[in-house]
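Architecture and fold: a report
Take a look at the letters that make up each chain.
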2 protein chains.
Amino acid sequence: MRTYIDCMPCFIRQALEAARHATDDPEVHEQVVREVLHLASDMDMNQNPPAIGQQIHRWVRNLSGDPDPYRRVKEAFNAIALALYPELRERVNRADNPLETAIRLAIAGNIIDFGVFGSVETEMLEQTIDECLSADFDLSALEEFTEAIQSAGRILFLADNAGEIVFDRLLIEQLPLEKVTVAVKGAPIINDATMADAEAAGLTSMVKVIDNGSDVPGTLLRSCSESFQYVFENADLIIAKGQGNYETLSEADRPIYFLLKVKCPVIAEHIGCETGRMFFQKTAVMTGEK
Amino acid sequence: MRTYIDCMPCFIRQALEAARHATDDPEVHEQVVREVLHLASDMDMNQNPPAIGQQIHRWVRNLSGDPDPYRRVKEAFNAIALALYPELRERVNRADNPLETAIRLAIAGNIIDFGVFGSVETEMLEQTIDECLSADFDLSALEEFTEAIQSAGRILFLADNAGEIVFDRLLIEQLPLEKVTVAVKGAPIINDATMADAEAAGLTSMVKVIDNGSDVPGTLLRSCSESFQYVFENADLIIAKGQGNYETLSEADRPIYFLLKVKCPVIAEHIGCETGRMFFQKTAVMTGEK
């Protein structure tokens, strides 16, 4: 998916928020925003939004001198999600269809997205959990997905954000663990999960976890390591969490199920739905590719 | 009031919205946004936000070739407000304190602000009217204001937006009409009221209406005509509607009452209140000047 002109104000806001996470120095905030305005004025919009995000957040990290501005945010949301985990796991176990409930909760966790929101409140997270547990759900997609899990030899799970990765664990626990590889980002980018977050979520002792070698807030294959690309190309089923993975992989010719909460009007229009919707769909049945 | 770094993403959004009002051509939208990004990257932030807005919207009008992108929006909101007017006037007349009710309604009309909002729905307007009629109100400011009206020889009313100017009429009707001059913008800028809107609102046959000779979305004196500056300097009481007038006049050494709905976090912080509040206060008692 290409970048739309509507993404531009959002990039500027995101850069300012990232700069504020990195430092309290208003001079640095201004310098970051001015650099990003300048950079954006000349940006190739045929790139997808995460490719532009990568460049912008490299600037933020360089100018602020903070290699991981969202470190505290990531730790805080891992802790919040881990506190909710036992109750949510109980809910999955008690459910008529544990896989369906786990998918719903994994999508709910996708609200923890500091690329879209300047802040995420615990209340907002709890409300999203309630909404996702009761929202309409595509049962035919669930059936296909269940079959795809059973027939797949190799399942690749593309994680999205810290905190969210604890919600992902609920879904990963419903998969045949020996077939699963979870991929996290290769370096800090916004609040995306890295290996430290997979460890905090308890995933590294449960399944194989790899990093994708990249600092793009999505999965931009040319920016990923060769070893990750090999795993990606050879997976029979890919589960891709979040908007960034959708933005980078919506045109990929692979068997990908996207699981996300639609949080921005550009993605909503690209998908052809309302903002706020849960999105659980396979690549091939995507509508409205532009 | 100076421009804050938080205003930057807002300027970019505003430019895109204005471009979309001007033309359906996506190439022009992109060109406008790129120019404004470039312009903003080098902008002197010691200027107040409307001074920057003036430059940005001049670019939008130049690049789009539309001298008045919000013309249809202005006409639509004049019509919507005029349809509400008879009922609102009745409400003012029936009120225990008609001046207070008229002030509340004039502030409610300030929600019709396309500088802040990409769109304004009729529902939002009706909800704001209800909120403003029941919100807390500074009765001591009302008392002082009532006295100031009585003792003033010359009252200058600085109008803000089209549509809103019909709500202003309710307040102007409570003033001694022979003392009142209403000022509108000298040229189209966002959805700010010009002489055509004062006519549509029925003000020109009721009081003296002048234009300020400027296309700044506020009252930037150095950009105004000499004749307007003379009226401004010689008024005994100035009633200034909206955020743009606050941004340009918050430090002015004149007896100004500001009437506005606080719609953006930067103004809220400058004033020292919450977003969404009604603001009705005289210059001298302003808090937190930065």
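This structure is a prediction, so every number in the text was calculated from the model and none was measured.

Now for the overall build of chain A. Counting its regular elements, chain A contains twelve helices and six strands. The C-alpha radius of gyration computed for chain A amounts to 18 Å, which stays within 12% of the reference 19 Å derived for 290 residues, consistent with globular compactness. If one aligns the C-alpha atoms of chain A with their principal axes, the spans along those axes are about 55 × 40 × 35 Å. Looking at the 290 residues of chain A, the share that counts as buried comes to 49%. Here the contacts in chain A between residues at least 6 apart in sequence split such that 70% fall between residues at least 24 apart.

Now for the sheet that holds strand β3 (residues 208–211) of chain A. Residues and elements named next belong to chain A. Across the sheet, which stays open at both edges, the six strands sit in the order β3-β2-β1-β4-β5-β6 with mixed pairing between neighbours. The outermost strands of the open sheet, each flanked by one partner alone, are β3 and β6 (278–282). Going from strand to strand, the sheet's axes swing by 15° on average, the running direction of each strand aside. As paired elements, strand β4 (residues 237–241) and strand β5 (residues 256–261) share four bridges and run parallel to each other. Pairing of I239 across the sheet is with Y257, part of β5. Together, β1 (155–158), β4, β5 and β6 form the strand contacts of helix α7 (residues 139–151), whose direction differs from that of β6 by roughly 50°.

Below, the discussion takes up the domain arrangement of chain A. All names here are of chain A. Domain assignment breaks chain A into domain 1 (7–64) and domain 2 (71–285). Placing a centre on the C-alpha atoms of domain 1 and another on those of domain 2 gives a separation of 25 Å. With twelve residues of domain 1 in contact, the opposing surface of domain 2 contributes 15 residues. For the side of domain 1 that touches domain 2, the secondary structure elements donating two or more residues are α1 (7–22) and α3 (49–64). When residues of the side of domain 1 that touches domain 2 are assigned to their parent elements, the largest contribution, six residues, is made by α3. Looking at the side of domain 1 that touches domain 2 residue by residue, the class counts come to five nonpolar, six polar and one charged.

All names here are of chain A. Across the eight residues of helix α11 (residues 242–249), eight count as buried, placing the element largely inside the fold. Taken residue by residue, α11 has G242, Q243, G244, N245, Y246, E247, T248 and L249 as its buried positions. As for α11, its buried residues are in contact with α3, β1, β4, β5 and α12 (265–271).

Consecutive side chains along a regular strand alternate between the two faces of the sheet. Residues and elements named next belong to chain B. Most of strand β5 (residues 256–261) sits out of view: five of its six residues are buried. Tracing the backbone out of strand β4 (residues 237–241), into helix α11 (residues 242–249) and back to the parallel element β5 gives a crossover that is right-handed. Note that β5 and strand β6 (residues 278–282) share five bridges and pair antiparallel. Counterpart to L260 in the pairing with β6 is F279.

Here we come to the nonpolar core. Within the largest apolar cluster, 173 residues are counted, with the highest numbers of intra-cluster contacts made by I12 and A15 of chain A together with I12 and A15 of chain B. Filtering out sequence-adjacent residues up to four positions away, A15 of chain B remains in contact with V32, V33, V36, I56 and V60 of chain B.

Another aspect to go through is the interface of chain B and chain A. Many authors give the size of an interface as the accessible area that is lost as the parts come together. Contact with chain B, which involves 15 residues of that partner, is made by 15 residues of chain A. Contributions of two or more residues to the side of chain B that touches chain A are made by α1 (7–22) and α2 (26–41) of chain B. Considering each element in turn, the side of chain B that touches chain A owes the most residues, eight residues, to α2 of chain B. Broken down by class, the residue content of the side of chain B that touches chain A amounts to eight nonpolar, three polar and four charged.

Criteria and cut-off values
Residues numbered from 1 in each chain as written. Chains lettered and ligands numbered in written order. Predicted model: local features only at pLDDT ≥ 70, side-chain atom pairs only at ≥ 80, totals over all residues. Helix = DSSP H or I, 4+ residues; strand = E, 2+ residues; numbered from the N terminus. Rg over C-alpha atoms; globule rule 2.2 N^0.38 Å. Buried ≥ 20, exposed ≤ 12 C-beta atoms within 10 Å, placed from the backbone. Contact = placed C-beta atoms within 7 Å. Pairing = 2+ DSSP bridges. Axes fitted to C-alpha atoms, helices over the stretch in contact; angles between N-to-C directions. Domains from an automatic or database assignment. Nonpolar A, V, L, I, M, F, W, Y, C, P; charged D, E, K, R; others polar. Right-handed = clockwise from strand over helix to strand, strands pointing away. Core = buried A, V, L, I, M, F, W, Y, C linked by C-beta atoms within 7 Å.

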